[in-house]
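Listed below are the residues making up each chain.
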Amino acid sequence: MTTSIRPPFVPPVRGDFASDFLWGSATSAYQIEGAALEDGRVESIWDRFCATPGKVADGATGAVACDHYHRWPQDLDLARSMGMQAYRFSIAWPRIFAKVGAAPNQKGLDFYSRLVDGMLERGLQPWATLYHWDLPQYLQDGGGWNARATVDAFLHYVDTVTRRLGDRVKHWITHNEPWCTAIIGNYEGLHAPGLTDFKTALQVCHHVLLSHGKAVPLIRANVPAAQVGIALSLHPLRPASASLEDAAALARHDGLRYRWFLDPLFGRGYPQATLDQVGAAAPTVEQGDMDAIAVATDFLGVNYYFPETVKDAPGHGPLEAAVAAPPLEAETTALGWPVAPEGLSELLLRIENDYHPGPIYITENGSCYDDEVGADGAVDDLARRAYLQRHLAALKDAIDGGVPVKGYFAWSLMDNFEWAEGYRRRFGLVHVDYATQRRTVKASGKWYGEFLLEK
Ligand code: FCB
């Protein structure tokens with residue numbers, strides 16, 4: 001299908017979308033909260049990773065970040081001022097349990113309770129992510145997600161949090177991007193905990209998916225009228241060339257990058273061809289696990305940033321496939337990620353066609369540019385504004401094509417700690433000056449506000 005990016009490009013208006021379409025933005029705890037040692041929070045794998053020399057750009061850490069732990073009223077005010085109706089945030093497990101078997105930390109629970117009340121007071125529907133990568137370090141010391149016991153620890157944490165907040169939070173995302181937790185953190189070693197073992201990564205992945213599946217009925221039991229889903233990071237895939245080798249590499253990559261997650265979530269188990277390819281690295285699966293993972297959910301969260309071009313790469317990684325750098329002439333963001341709005345519609349149409357997952361929410365989409373505060377104090381991030389407009393147009397194309405997308409969360413409400421990239425990579429609709437913690441709504445954020453308020 002073609003998208004609406006034909007000259008002259010006309011930015012979408014809110015009326016192009018259904019009146020009950022949900023608009024918001026997203027953040028995660030470790031990326032914004034700071035207050036790493038406050039009110040009983042304990043070390044997470046990201047604190048440890050940041051403290052390991054050479055792992056995070058500029059030696060950055062999330063110790064202060066956007067100081068959202070103290071400044072959240074102002075941040076929620078900003079979301080509201082832009083006309084957003086929903087706010088996706090994550091809960092930091094290390095604020096809730098200081099060790100295995102400990103009583104829940106009331107101060108941590110109280111913080112999220114206040115935060116949720118603050119959202120509701122501002123007309124923001126809370127969307128809580130239960131795991132956005134900040135595993136307590138003490139659990140990593142016991143094997144992390146590679147250990148099946150971490151699934152039980154997660155369920156205990158989920159039970160505690162949903163009991164406390166479930167009277168007000170109805171929308172729950174179990175996990176953010178299991179690919180990143182498992183593969184980037186445990187095989188590529190670029191994220192915490194920084195391991196580089198493929199078998200570990202696949203076992204981690206299995207336990208993360210299992211913990212999702214087991215959490216869903218628990219959340220439903222604790223939360224009247226709960227809506228529960230998972231957020232996956234997905235890319236449309238393109239072959240690097242028309243060669244048979246690249247086509248085969250693409251199929252292998254697709255098996256792990258896409259089908260390894262969606263097939264089991266939608267009841268098909270792990271793809272057999274990929275199981276054959278990974279051989280002895282395949283995870284240990286106990287009886288009943290695949291049924292648990294295949295639990296019905298209320299929505300699928302899709303995080304979309306860019307398409308991947310895949311090439312045959314003999315000797316490279318377990319599947320001998322590699323993601324190729326985009327061609328020099330390709331339009332890219334400051335992170336080198338290709339800008340391809342049509343990839344969003346392509347991806348959504350594929351998911352709908354392959355799985356019919358029911359309601360879909362875009363739980364993240366956004367772009368990184370090197371923003372500067374001008375002499376007039378303004379941040380004219382016109383490239384990010386265009387990225388947003390073009391992706392919303394592509395989203396409308398997908399909806400027109402029959403994909404039941406029900407909402408969109410821009411990544412991110414504000415600049416924040418971009419994991420291994422530290423603070424030098426900015427994704428926010430709002431600029432954060434880390435020296436002063438001053439917030440400035442960028443041109444992209446102003447446009448989003450005008451779009452949402454139909455100005
Ligand atoms: C996603 C993460 C999110 C943010 C964006 C840029 O993979 O979920 O926390 O870092 O990328």
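1. So, the environment of L275
In this fold, L275 is placed in helix α11 (residues 272-278). When sequence neighbours within four positions are dropped, the list of residues in contact with L275 reads W260, Y270 and A282.

2. Here's the deal with the sheet that holds strand β8 (residues 308-312)
Here we have 3 strands laid out as an open sheet, ordered β6-β8-β9, and mixed in their pairing. The sheet terminates laterally at β6 (237-239) and β9 (321-324), the two strands that pair on one side only. Shown here is a sheet whose adjacent strand axes are inclined to one another by a mean of 40°, direction ignored. Direction of pairing for β8 relative to β9: antiparallel, over a ladder of 4 bridges. Along β9, the bridge assignment pairs K311 with A322. The strands touched by helix α10 (residues 244-265) are β6, β8 and β9; relative to β8, the strand with the most contacts, the crossing angle is about 120°.

3. Quick word on the nonpolar core
W46 and W172 are the most contacted members of the largest nonpolar core, which has 121 residues in total. When neighbours within four sequence positions are excluded, W46 is seen to be in contact with Y30, V56, W133, H191, A192, F417, W419 and A420. Formed by 15 residues, the second largest nonpolar core is a distinct cluster that contains I173, A231, F306 and Y361.

4. A word on the layout of surface pockets
Space inside the second largest pocket adds up to approximately 180 Å³. Of all the elements in the fold, those that place two or more residues in the lining of the second largest pocket are α6 (137-141) and α7 (149-165). At 4 residues, the largest contribution of residues to the lining of the second largest pocket is made by α7.

5. As for empty space enclosed by the protein
In the structure shown here, the tally under the stated rule is 5 cavities of 30 Å³ or more. Considering only enclosed or pocket space, the largest cavity measures out at about 100 Å³ in volume. Taken together, 17 residues line the largest cavity, and the ones lying closest to its centre are I45, T181, N186, A192 and P193. Broken down by element, the lining of the largest cavity gets its largest block of residues, 3 residues, from helix α8 (residues 178-186). Tallied by class, the residues present in the lining of the largest cavity amount to 10 nonpolar, 7 polar and no charged. The calculated volume of the second largest cavity comes to roughly 70 Å³. Lining the second largest cavity, in full, are N365, G366, S367, R384, Y387, L388, Y408, A410, W411, F427 and L429. Of all the elements in the fold, those that place two or more residues in the lining of the second largest cavity are α14 (382-400) and β11 (405-411).

6. Comments concerning the pattern of salt bridges
Between side chains of opposite charge, a pair can form as their charged atoms come close. According to the stated counting rule, one finds 28 salt bridges in the structure shown. Between E33 and R95 there is a salt bridge; the shortest N-O distance is 2.7 Å. Placement of E33 in the loop between α1 (29-32) and α2 (45-50) and of R95 in helix α4 (residues 93-96) is noted, with a sequence separation of 62 residues between them. No difference in accessibility class separates E33 from R95, as the two residues are buried. Across the salt bridge formed by E364 and R88, the nearest N and O atoms sit 3.0 Å from each other. Pair noted here: E364 is in strand β10 (residues 360-364) and R88 is in strand β2 (residues 86-90), with a separation of 276 residues, a long-range link. Neither E364 nor R88 differs from the other in exposure class; each is buried. The network of salt bridges with shared partners includes D371, D381, R384, D415, R426 and K442.

7. What to know about helix α5 (residues 106-121)
In this model, α5 (16 residues) spans 22 Å end to end at C-alpha, consistent with the 22 Å of a helix rising 1.5 Å per residue. Of all the positions in α5, only G108, L109, F111, Y112, S113, L115, V116, G118 and M119 are classed as buried. At the exit of α5 stands G123, carrying a positive phi of roughly 75°.

8. A few points about the site of the ligand
Lining the immediate surroundings of the ligand are Q31, H132, W133, N176, E177, Y305, E364, W411, E418, W419 and F427. For the ligand, an oxygen atom lies 2.5 Å from a polar atom in the side chain of E177. In this structure, E364 approaches the ligand through a side-chain N or O atom, which is 2.9 Å from an oxygen atom. Within the complex, 95% of the 290 Å² of free accessible area of the ligand lies under protein. Taken together, the residues that form the shell around the ligand break down as 5 nonpolar, 3 polar and 3 charged.

9. Observations regarding the state of the cysteines
A complete count under the given rule lists 0 disulfides for this structure. With no disulfide of its own, C66 lies 14 Å from the sulfur of C50, the closest cysteine sulfur.

10. Examining the packing of α10 against helix α13 (residues 341-355)
For the pair α10 and α13, interaxial distance at closest approach is 12 Å and the crossing angle is 50°. The orientation of α10 relative to α13 falls into the category oblique. When you trace α10 past α13, the crossing you get is right-handed. Along its contact with α10, which presents D254, Y258, R259, L262 and D263, the element α13 presents L347, R350, I351, D354 and Y355. A breakdown of the residues in the contact of α10 with α13 according to their chemical character gives 5 nonpolar, no polar and 5 charged.

11. Notes on the packing of α7 against helix α9 (residues 198-222)
Relative to each other, α7 and α9 sit at 30°, their axes nearing to 9 Å. Between α7 and α9, the angle falls in the class roughly parallel. The handedness of the crossing between α7 and α9 is right-handed. Of the residues in α9, those touching α7 at V151, F154, L155, V158, D159, T162 and R163 are H207, L210, S211, K214, A215, L218, I219 and N222.

Rules of the game
- Residues numbered from 1 in each chain as written.
- Predicted model: local features only at pLDDT ≥ 70, side-chain atom pairs only at ≥ 80, totals over all residues.
- Heavy atoms only, no water.
- Helix = DSSP H or I, 4+ residues; strand = E, 2+ residues; numbered from the N terminus.
- Contact = heavy atoms within 4.5 Å.
- Pairing = 2+ DSSP bridges.
- Axes fitted to C-alpha atoms, helices over the stretch in contact; angles between N-to-C directions.
- Core = buried A, V, L, I, M, F, W, Y, C linked by side-chain atoms within 4.5 Å.
- Buried < 20%, exposed > 50% of the residue type's maximum accessible area, 1.4 Å probe, protein only.
- 1 Å grid on protein atoms, 1.4 Å probe; cavity = no way out; pocket = protein on both sides within 12 Å on 5 of 7 lines; lining within 4 Å.
- Points joined across faces, edges and corners; volume = space filled by probe spheres on them.
- Nonpolar A, V, L, I, M, F, W, Y, C, P; charged D, E, K, R; others polar.
- Salt bridge = Lys/Arg side-chain N within 4 Å of Asp/Glu carboxyl O.
- Expected span 1.5 Å × (residues − 1).
- Near = heavy atom within 4 Å.
- Polar contact = N/O pair within 3.5 Å; in protein donor to acceptor, adjacent residues only side chain to side chain.
- Areas by Shrake-Rupley, 256 points an atom, 1.4 Å probe, with all protein chains shown as cover.
- Disulfide = S-S within 2.5 Å.
- Parallel < 35°, antiparallel > 145°, perpendicular 65-115°, else oblique.
- Left-handed = near helix turned anticlockwise from the far one by under 90°.

Structural measurements only, silent on function.
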